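Structural characterization, general
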Amino acid sequence: MALNGLEAQPASAPSRAEETAADSRTERRAAPPPGDRRRSGGAPGGQRNAAREDSSVQLLEAGCKPAPFPVTDRESAAQVEEHGGGGAFVPPEGGFGWLVVFAATWCNGSIFGIQNSFGILHMMLMKEHEDPDDKTSQFKVAWVGSLAMGMIFFCSPVVSMFTDRFGCRKTGVSGALVAFIGLLSTSFANSLGLRYFTYGILFGCGSSFAFQPSLVILGHYFRRRLGLANGVVTAGGSLFTVGLPVLLNQVVQPLGLSRTFQILSLFMLVQALLALTFKPLLPAGGGMGPPGMGPGPAEPPSQPGATAQERTRWSRVLGGVRKYFNLRVFHILTYRVWAFGVATAVLGYFVPYVHLMNFVREQFKGTQKDWVLLVCIGASSGVGRLAFGKIGDLITGLQKIYMQVMSFMALGLMSIMIPQCLAFEGLVVVCVFLGLCDGCFLTMMAPIAFELVGPMQASQAIGYLLGLMSLPMTAGPPIAGLLHDYFGNYTVAFSLAGVPPIVGGVVLFFVPLIHRRLQATASSEETSTTAHMLPTATPAGEPKSCSNGNILPGYTDVETHI
């Protein structure tokens, strides 16, 4: 029976039994937690005490104390595997997790369905705030949607801290309520500046606090099926992108802009209720990270000679910030390269969602089916998320990144092709491929983060990635609007919007190569270290030497070396 990576050895000699008994009396004085007694309860007699002693010594030498792992079917569906020197979390791979998947699906659909349908809202805002004397009206109105999308990602590092500190449930419910207030207050705003705050800031920040926990919570319930779970969530969310343009164009739009925002706010109110299902299986705070990577104690341990005056309130605040807002994921080279590549690619990612409807009105005058393009993007994105989520489960390790490489390359080419389409049907085909690329990119984001930094640090990794994505994603649509106002058409705007995804795809191509090179270097170093630690073999026929006196019967080379 193995405990904490240590093999319990039977007491084969009287001296070992006496030593175990003496040490067990010392251990009894230390009063270990009940969880350790339960976990070692299957070991008989001295074997159980020896295993507990070895486990406690190992944990004390590592600078931490033994932590109880009470696992029952009623308390949690999670299990704990004992191997490799610690307990590895094993998610239940289903059960209550499918209800969590439904709640995460509603969250993704509500947030990104509204964001991806902003092309219709953009035209409604243009009608209400249009000024014939202002040549930068496209630029100004585009900031409403861009701020909302940018704030979703800009707040992500802070959301990671809140998720680690308070858990997925509290963070998700609070964010959905803030987003609901933002949309509801936007319906009563009558100036563009006020809508920058209510829709761009409030709705964007609330969506960020609601969205990220829906990604993190899936890792609590799935690992082997994580790609499929992400595919189901994102594919179900794409149904909102299919349905919301129809709803906005046929039902809500005739009611006016104010009623439109009020109806959309109901989606976030429902999400606040569904987020109550985000029950974490990993504890908030210290349990959210591996040893040495997760949050530490709230206050650093007092050093010898330290006085009460040295532990000021400011130092405690800094200690708390360092706990939850650490940059340890950036110590991983492959994560840094991946995050930089994705942030570069999304500079032109959101441009079609904002300006496509207005481009159709200018390029194909008189058409009344411009909303069909958003439906095509949403439908193909849903198919892509399901298909690529399942394919991602079949691809092991960081080879999943090549799927993102292909999606970014194709997305850039499709963006360049938009102004070249002379027929509306050709634009429909382009939008189908845009949706497939969108589905592949979003589905693979969380599994790749888990591969790069591990499940315990996924919250921080996703948060920092989305934060890096915020600035280029926010700047893209206003820059495209400014180019439209300057040149009088969208040809240059869409052509330049296709360049960053291609550049980002090239950067991502090198991530698996860097990862393999680092692994090869680490493996060679480990082999070299092992060769220096173990003694060299004695040639055959040469007598063994012992530097500690007489040769003992049955000794080995390793024992002599020690």
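Below is a summary of the structure that appears in this document.

Definitions and cut-offs
Chains are numbered independently. Their residues run from 1 in the order of the written sequence. Side-chain atom pairs in this predicted model are given and counted only at pLDDT of 80 or more, local residue features only at pLDDT of at least 70, and totals for whole chains, interfaces and linings cover all residues. Note: side-chain values were computed over all heavy atoms of the structure, leaving out hydrogens and water. Stacked, edge-to-face and tilted labels apply to pairs of Phe, Tyr and Trp rings (six-membered ring for Trp) whose centres lie within 6.5 Å, assigned for plane angles under 30 degrees, over 60, and everything in between, in that order. A run of DSSP states H or I qualifies as a helix once it reaches four residues; a run of E qualifies as a strand once it reaches two. Both are numbered from the N-terminal end. Accessibility here uses a 1.4 Å probe with only protein chains present; expressed as a share of the type maximum, an area under 20% marks a residue as buried, one over 50% as exposed, and anything in between as partly exposed. Patches here are clusters of residues that have more than 30% relative accessible area and form no salt bridge, with a 9 Å joining cutoff for like charges and a 5 Å cutoff for nonpolar side chains (Val, Leu, Ile, Met, Phe, Trp, Tyr). In these tables, accessible area is a Shrake-Rupley quantity obtained with a 1.4 Å probe, and a residue counts as shielded only by the protein chains included in the view. Salt bridges are defined by distance alone: a side-chain nitrogen of Lys or Arg within 4 Å of a carboxyl oxygen of Asp or Glu. Each nonpolar core is a collection of buried residues, namely Ala, Val, Leu, Ile, Met, Phe, Trp, Tyr and Cys, held together in the definition by side-chain atoms within 4.5 Å. The contact criterion used is simple: two residues touch if any of their non-hydrogen atoms lie within 4.5 Å. Each axis is a line fitted through C-alpha atoms, taken for helices only over the stretch in contact, and angles between the N-to-C directions span 0 to 180 degrees. Here is the rule for angles: anything less than 35 degrees is roughly parallel, anything more than 145 is roughly antiparallel, 65 through 115 is roughly perpendicular, and the remaining ranges are oblique. Crossing handedness follows the turn of the near helix against the far one: under a right angle anticlockwise gives a left-handed crossing, and clockwise gives a right-handed one. Cysteine sulfur atoms that pair up within 2.5 Å are treated as a disulfide.

A look at the packing of aromatic side chains
All told, the structure shown has 26 aromatic pairs when counted by the stated rule. When the centroid spacing of 5.2 Å and the interplanar angle of 85° are considered together, the rings of Trp106 and Phe240 count as edge-to-face. One end of the pair, Trp106, is in helix 4 (residues 97-116); the other, Phe240, is in helix 11 (residues 226-252), with 134 residues separating them in the sequence. Owing to a relative accessible area of 21%, Trp106 belongs among the partly exposed residues under this scheme. Following the ring pairs from residue to residue traces out a cluster consisting of Tyr349, Phe350, Tyr353, Phe408 and Phe441.

Points about a nonpolar patch on the surface
There is a patch of nonpolar side chains on the surface, built from Val506, Phe509, Phe510 and Leu513 and spanning about 330 Å² of accessible area. Within the secondary structure layout, Leu513 lies in helix 22 (residues 511-533).

Observations concerning the nonpolar core
Core analysis: the largest hydrophobic core is formed by 101 residues, its most contacted members being Tyr199, Tyr335, Trp338, Val342, Leu356, Leu427 and Met469. Per-element accounting of this core gives the leading share, 15 residues, to helix 18 (residues 424-453). Setting aside residues up to four positions removed in sequence, Leu427 forms contacts with Leu356, Phe359, Val360, Phe364, Leu373, Ile418 and Cys421. Counting 20 residues, the second largest nonpolar core, distinct from the first, contains Ala104, Cys168, Phe222 and Ala229.

Notes on the pattern of salt bridges
Summed over all chains, the structure comprises two salt bridges. In this structure, Glu128 engages Arg195 in a salt bridge whose closest nitrogen and oxygen atoms are separated by 3.0 Å. Taken as a pair, Glu128 in helix 5 (residues 118-129) and Arg195 in helix 9 (residues 192-216) lie far apart in primary sequence, 67 residues in all. One salt bridge connects Lys400 with Glu451, and the closest N-O pair in it is separated by 3.4 Å.

Notes on the environment of Val100
Inspection of the secondary structure puts Val100 in helix 4. Judged by its relative accessible area of 0%, Val100 is buried. Each C-alpha atom of the pair Val100 and Lys279 lies 8.4 Å from the other, and the pair is 179 residues apart in sequence. If we ignore the near neighbours within four places in the chain, the residues touching Val100 are Ile217, Tyr221, Thr277 and Phe278.

A look at the packing of helix 4 against helix 9
Packing of helix 4 against helix 9 brings their axes to within 9 Å, and their N-to-C directions diverge by 150°. By the angle class used here, helix 4 and helix 9 are roughly antiparallel. Handedness of the helix 4/helix 9 crossing: left-handed. Residue-level inspection shows Ala104, Cys107, Asn108, Ile111, Phe112, Ile114 and Gln115 of helix 4 in contact with helix 9, the latter providing Tyr199, Phe203, Ser207, Ala210, Phe211 and Ser214.

A word on the state of the cysteines
Evaluation of the coordinates by the stated rule reveals zero disulfides. Not part of a disulfide, Cys421 finds its nearest cysteine sulfur in Cys431, a span of 8.1 Å.

Some remarks on the environment of Ala339
Within the fold, Ala339 resides in helix 14 (residues 333-345). Spatially, the C-alpha atoms of Ala339 and Val507 are 9.8 Å apart, while their sequence positions differ by 168 residues. Setting aside residues up to four positions removed in sequence, Ala339 forms contacts with Leu465 and Leu468.

Note that all results are geometric; they support no functional claim without further evidence.
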